[in-house]
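These are the residues of each chain, in order.
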Amino acid sequence: MASQLPDDFRCPISLEIMSDPVILSSGHTFDRASIQRWLDAGHRTCPITKLPLPEPPSLIPNHALRSLISNYTLVSFPEPQHYLPNPQTLLQLLLSPSSRLEDKINSLDQLTRVSKRDSAIRRRLAESGAVSAVLNCIDSAEPWLQEKALHLLLNLSLDDDSKVGLVAEGIVGKVVYALRCGVGDSRAVAATVLTSLAVLEVNKVTIGSYPDAIPGLVSLLQMGNSRERKEAATALFTLCSFPDNRVRAIRNGAVPILIQNANSGLERAVEVLGLLAKCKLARDEMGRCCELLDILIGIMRNGSSRGVQYALLTLTSLCCYSEKMGMEALREGVFEICVGLLEDDNEKVRRNAKTLIQVLQGKRRNV
């Protein structure tokens, strides 16, 4: 399977498919284990650019890429074939009004397969008029046609050079339609497409300003199955690095829904809460939720490293601006939990725990 995944999914150091992609300050992405070995060996330059790194070097989780890789591994890859039709032939079949439904589905399936592992084919398809034909398939009442079209759009969105062009061709409106009205796997794939497009800052602005995009993701986060909720949370996390989108998410009721998902074990929801907690509007809502502190404490004690990191971040924001939350955190033993986390293997967990300790110490002095 690994040989059939796009080269963009491979770590530049190990050349293996990345399981935990992280972004270095140079802007390049590596698998965490590989870049950590590089840093542990004493290197303080980017392996690709050779430019010096800050001390200590920061490793930022690339959630968008991680989600894309995860989405791909859910797809069953066919056995290699000795013969593969020309992509242009498949495209003509897709564009022809006389083509049967089964021929269109087969064309989308094969175009998706060849574009997964060949960036040159993805660029050719994006430049050849394929996008408008694929977008038309999303409006279809036939579930298989819609789902196959979304998988192909996901492939075409992998290359940064194509992302802006896809948005300009109207992909957002069609994908949001599938997000709200799709069946089968269409809603989850639609959310993943938005995540892929939103990797570019300019697209965060465009997608966020689309009237139904963030409301659609919030709705999917509330009503979807486990995979749909995870993909919706990932898309919101990617979009909400842009401040205006945080406000949009909050005004569309994201905070209580995220808290509910966090309580159900979806740690990605805690990551989104960590971003939203930078806004007073969200902090006020979180402060009114009696169970949030217990949820965050539970994650700090038993969550993954990333979950702990964002639980600390969220609680730091809340305690900074709320005397009441700070005192409740002290009473519930958060200070002692943070002291224990200073010995954690994860540098960001240690750093966030240290920051929260400093905030809580300030609360203690004010007592």
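Per an unreviewed UniProt entry, the protein chain goes by the name RING-type E3 ubiquitin transferase and belongs to Sesamum alatum. What UniProt records for the protein chain under Pathway (unreviewed entry) is the sentence "Protein modification; protein ubiquitination." According to the UniProt record, the Catalytic activity (unreviewed entry) comment for the protein chain is "S-ubiquitinyl-[E2 ubiquitin-conjugating enzyme]-L-cysteine + [acceptor protein]-L-lysine = [E2 ubiquitin-conjugating enzyme]-L-cysteine + N(6)-ubiquitinyl-[acceptor protein]-L-lysine."

## Describing the overall build of the protein chain
Helix and strand content of the protein chain: 22 helices and 3 strands. A globule of 367 residues ought to have a C-alpha radius of gyration of about 21 Å, and the protein chain, at 22 Å, matches this closely. Dimensions of the protein chain along its principal axes, counting C-alpha atoms only, are 75 × 45 × 30 Å. Residues classed as buried in the protein chain amount to 52% of the 367 residues present.

## Quick notes on the environment of T206
Tracing the backbone shows T206 in helix α11 (residues 201-209). According to the relative accessible area criterion, T206 is partly exposed, its value standing at 34%. Separated by 59 residues in sequence, T206 and G265 have C-alpha atoms that sit 31 Å apart. At a separation of 3.2 Å, a polar atom in the side chain of T206 contacts the main-chain carbonyl oxygen of V202.

## Observations regarding helix α12 (residues 213-223)
One turn of the α-helix equals 3.6 residues, which is why residues spaced by three or four share an orientation. Taken across its 11 residues, α12 has 8 buried, putting it largely inside the fold. Of all the positions in α12, only A213, I214, P215, G216, L217, V218, L220 and L221 are classed as buried. Against α9 (171-181), α10 (186-197), α11, α13 (226-239), α14 (243-251) and α15 (254-263) lie the buried residues of α12.

## Overview of the sheet that holds strand β2 (residues 29-31)
Taking strand neighbours across the sheet as the criterion, the 3 strands line up as β2-β1-β3 in an open arrangement whose pairing is antiparallel. What marks the edges here is a single partner per strand, and that holds for β2 and β3 (60-61). Direction of pairing for strand β1 (residues 21-23) relative to β3: antiparallel, over a ladder of 2 bridges. Bridge pairing in β3 places I23 opposite I60. Set on the sheet, helix α1 (residues 32-40) makes contact with β1, β2 and β3; between it and β2 the angle comes to about 95 degrees.

## Section: the packing of aromatic side chains
The tally for this structure, following the rule as stated, stands at 1 aromatic pair. Just above the ring of Y321 sits the side chain of R283; from NZ or CZ to the centre is 3.7 Å.

## A short note on the packing of α10 against α13
At a minimum axis distance of 8 Å, the contact between α10 and α13 shows a crossing angle of 15 degrees. Taken together, the axes of α10 and α13 are roughly parallel relative to one another. Between α10 and α13 lies a crossing of left-handed hand. Taking contact as the criterion, the partners of R187, A188, V189, A191, T192 and T195 in α10 are, on α13, R227, E228, E231, A232, T234, A235 and T238.

## Side note on the packing of helix α6 (residues 130-138) against helix α7 (residues 143-156)
Between α6 and α7, the shortest axis-to-axis distance is 8 Å and the interhelical angle comes to 145 degrees. For α6 against α7, the interelement crossing comes out left-handed. For the pair formed by α6 and α7, the contact residues are V131, V134, L135, C137 and I138 on the first element and L145, Q146, A149, L150, L152, L153 and L156 on the second. Residues belonging to the contact of α6 with α7 are distributed by class as follows: 11 nonpolar, 1 polar and no charged.

## Points about helix α21 (residues 334-341)
Among all positions of α21, only V334, F335, I337, C338 and L341 are buried. An end-on view of α21 places all buried positions within 160 degrees of arc, on one side of the element.

## Here's the deal with the pattern of salt bridges
Any two side chains of opposite charge can pair, on the condition that their charged atoms come close. Taken as a whole and assessed by the stated rule, the structure comprises 15 salt bridges. Here R227 makes a salt bridge to D185, at a shortest N to O gap of 3.6 Å. Note that R227 is positioned in helix α13 and D185 in the loop between α9 and α10, a separation of 42 residues in sequence.

## Observations concerning the environment of D7
By the secondary structure assignment, D7 is in the segment before β1. With relative accessibility at 58%, the residue D7 sits in the exposed group. For D7 and S119, which are 112 residues apart along the polypeptide, the C-alpha to C-alpha distance reads 8.4 Å.

## Description of the nonpolar core
Counting 116 residues, the largest nonpolar core has I171, L217, L276, M286, L312, L315 and V334 as its most contacted members. With near-sequence residues (within four places) excluded, L312 lies in contact with M300, C338, L341, V349, N352, A353 and L356.

## Quick word on the side chain of T316
Position of T316 among the secondary structure elements: in helix α19 (residues 305-321). Residue T316 is classed as buried on the basis of its relative accessible area, which comes to 11%. Discounting chain neighbours no more than four positions away, the residues touching T316 are N352, T355, L356 and V359.

Rules used throughout
- Starting from 1, residues in each chain are numbered consecutively following that chain's sequence as written.
- In view of the model being predicted, local features appear only for residues whose pLDDT reaches at least 70, and side-chain atom pairs are presented and counted only at 80 or more, with totals across whole chains, interfaces and linings using the full set of residues.
- Only hydrogens and water are set aside when side-chain values are computed; all heavy atoms of the structure are taken into account.
- UniProt positions are given in the numbering used here, feature names are shortened, and annotations may be inferred rather than shown by experiment.
- Strands are runs of DSSP state E lasting at least two residues, helices are runs of H or I lasting at least four, and both sets are numbered from the N terminus onward.
- Both definitions apply: the radius of gyration is a C-alpha atom measure, and the globule rule equals 2.2 Å times residues to the power 0.38.
- Using a 1.4 Å probe on the protein chains alone, a residue whose accessible area is under 20% of its type maximum counts as buried, one over 50% counts as exposed, and one in between counts as partly exposed.
- Definition of a polar contact: a pair of N or O atoms within 3.5 Å, with one able to donate and the other able to accept a hydrogen when the atoms are protein atoms, and with sequence-neighbouring residues admitted only if both atoms are side-chain atoms.
- Residues count as neighbours in contact if any of their non-hydrogen atoms are within 4.5 Å of one another.
- Strand pairing is assigned whenever DSSP detects at least two bridges linking the two strands.
- Lines fitted to the C-alpha atoms define the axes, with helices restricted to the stretch that makes contact. Angles between their N-to-C directions range from 0 to 180 degrees.
- Working definition: rings of Phe, Tyr and Trp (its six-membered ring) pair if their centres are within 6.5 Å, and the pair is stacked with planes under 30 degrees apart, edge-to-face with planes over 60 apart, and tilted otherwise.
- The criterion for a charge sitting over a ring is simple: Lys NZ or Arg CZ within 6 Å of the ring centre, and within 35 degrees of the ring normal.
- Each angle is binned into one of four classes, with values under 35 degrees roughly parallel, values over 145 roughly antiparallel, values of 65 to 115 roughly perpendicular, and all other values oblique.
- By convention, the crossing between two helices is left-handed when the near helix turns anticlockwise from the far helix through less than a right angle, and right-handed when the turn is clockwise.
- Residue polarity follows a fixed list, in which Ala, Val, Leu, Ile, Met, Phe, Trp, Tyr, Cys and Pro are nonpolar, Asp, Glu, Lys and Arg are charged, and the others, Gly among them, are polar.
- By definition, the arc is the one covered by directions from the helix axis to the C-beta atoms.
- By convention in these notes, a salt bridge is any Lys or Arg side-chain nitrogen within 4 Å of a carboxyl oxygen on Asp or Glu.
- In this description, a nonpolar core means a group of buried Ala, Val, Leu, Ile, Met, Phe, Trp, Tyr and Cys residues linked to one another through side-chain atoms lying within 4.5 Å.

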